[in-house]
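Summary of structural features
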Amino acid sequence: MARFEFPFTHREPTFGLALGGGAVFGIAHLGVLKALEANGLRPTHLTGTSIGAIMASLYAFGHTPEAIREACSGLDWWHVSSFGWSKYGFMNNAAMGDFVRRQIGDQDFSEAPYPMAFMATDLASRKKVVLDRGDMATAAMTSACVPGLYSPIEREDQLLVDGGLVENVPISPLKQWGVDFVMGVDLNGSTRRRVPGGYFDALITAFDIAIDSHTRTQLAEADFVLALDLADYDRTDAGQSESLFEEGYNACQNAIDTIRKRRAAKAPGILGQLRRGLGRSGPWLQAGSSGA
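From a predicted model like this one, the values you see are computed outputs, not experimental measurements.

Attention now moves to the overall build of the protein chain. Counting its regular elements, the protein chain contains ten helices and eleven strands. Expressed as a percentage of its 292 residues, the buried residues of the protein chain come to 54%. A fraction of 77% describes how many contacts in the protein chain between residues 6 or more apart in sequence connect residues 24 or more apart. Accessible surface computed for the protein chain: about 13,200 Å², of which carbon and sulfur atoms make up 53%.

A separate point is the packing of aromatic side chains. For the structure shown, the criterion picks out two aromatic pairs. Seen from their ring centres, F15 and F181 are 5.4 Å apart, and the 50° between their planes marks the pair as tilted. Of the two residues, F15 sits in strand β1 (residues 15–19) while F181 sits in strand β9 (residues 181–186), which places them 166 residues apart along the sequence. Taken as a pair, F15 and F181 share a single burial class, namely buried. Against the face of F245 rests R69, its NZ or CZ located 4.6 Å from the ring centre.

Once that is clear, we can look at the pattern of salt bridges. If you walk through the whole model with that rule in mind, you get eleven salt bridges. The shortest N-O distance in the salt bridge between D135 and R101 comes to 2.4 Å. In this pair, D135 sits in the loop between β6 (127–131) and α5 (136–143) while R101 sits in helix α4 (residues 94–104), placing the two residues 34 residues apart along the sequence. Its relative accessible area of 25% is what places R101 among the partly exposed residues. Each of R101, D106 and D135 takes part in one network of salt bridges that share partners.

Tracing the chain through its elements places L131 in strand β6. As a C-alpha pair, L131 and G48 span 83 residues in sequence and 10.0 Å in three-dimensional space. Ignoring any residue separated from it by four or fewer positions in sequence, one finds L131 in contact with F109, A117, F118, A120, A139, T142, S143 and R155.

About the thresholds
Sequence positions are assigned chain by chain, starting from 1 and proceeding in written order. pLDDT decides what is reported in this predicted model: residues at 70 or higher carry local features, side-chain atom pairs at 80 or more are listed and counted, and totals for whole chains, interfaces and linings draw on all residues regardless. To get the side-chain values, take all heavy atoms of the structure and skip hydrogens and water. Secondary structure elements are taken from DSSP: a helix is a run of H or I of four residues or more, a strand is a run of E of two residues or more, and numbering for both begins at the N terminus. Type-normalised accessible area, obtained with a 1.4 Å probe on protein chains alone, sets the label of each residue: buried when under 20%, exposed when over 50%, and partly exposed for intermediate values. It only takes one pair of heavy atoms within 4.5 Å for two residues to be counted as in contact. Each accessible area is a Shrake-Rupley result for a 1.4 Å probe, and residues are judged covered by the shown protein chains and nothing else. Pairing of aromatic rings covers Phe, Tyr and Trp, the last through its six-membered ring, and needs centres within 6.5 Å; plane angles under 30 degrees mean stacked, over 60 mean edge-to-face, and all others mean tilted. Either the NZ atom of lysine or the CZ atom of arginine qualifies as a charge over a ring when it sits within 6 Å of the ring centre and within 35 degrees of the ring normal. Definition used for salt bridges: Asp or Glu carboxyl oxygen within 4 Å of a side-chain nitrogen of Lys or Arg.

Keep in mind these numbers describe shape, not what the thing actually does.
Right, here's the structure in full:
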């Protein structure tokens, strides 16, 4: 809900950052966060879906982007997957939650340094579920519970799986909070032809194709979207972490002037209204384009 501002209010715009899903491509989020930090831009609100939720949880509790990259570089999907029989399958991602908990401890959303939320999908109701209370490691694990690979997480009368099914770049919580400037990071911004590298890569690619149309519609609600072209990478190979980090860093660094301008234009009060009147443009910026 948008806040009331007096006409001559002068304060820095709040900055909401939404980190999207995309398996190992999520390492690129760390490069984006590093570039924002290097330019004095830090989010005041943070949301994530799937791998974006994992990265958001680690970053919020004091880990540097470089330290997170190092912690994740030796992981593969077998390290964050567990065998556990249920009527819905024989694998779960409890080990993913354990990994997050080892990094940040038993942290609650109420202990986060700023408002945070992760996205999940309830298979029973077919609706999105915003996770913004309780244990953060459990919420991040739930948001990254890939359907077809892991058994759903049962919570009361809900069957929760990966939030990418309903909102792969979670813009809507930031809008509901009334954040001034909303930026989304889309790990699946490439439209280039790409052959999946194996079973899991093919599964996630099919998942992304299925959700692409409504993701485009949802991203139109952002003030700025950094769409990363990662078509040359494999979604399952954590050995690419250094290159993916650089991809995120360089794309964000190249867009930093545009990000600053659009954020400044969202300042509240008359100053912001004047800036907004100077011109409008769409939210999209494909990595590698000028953005000026």
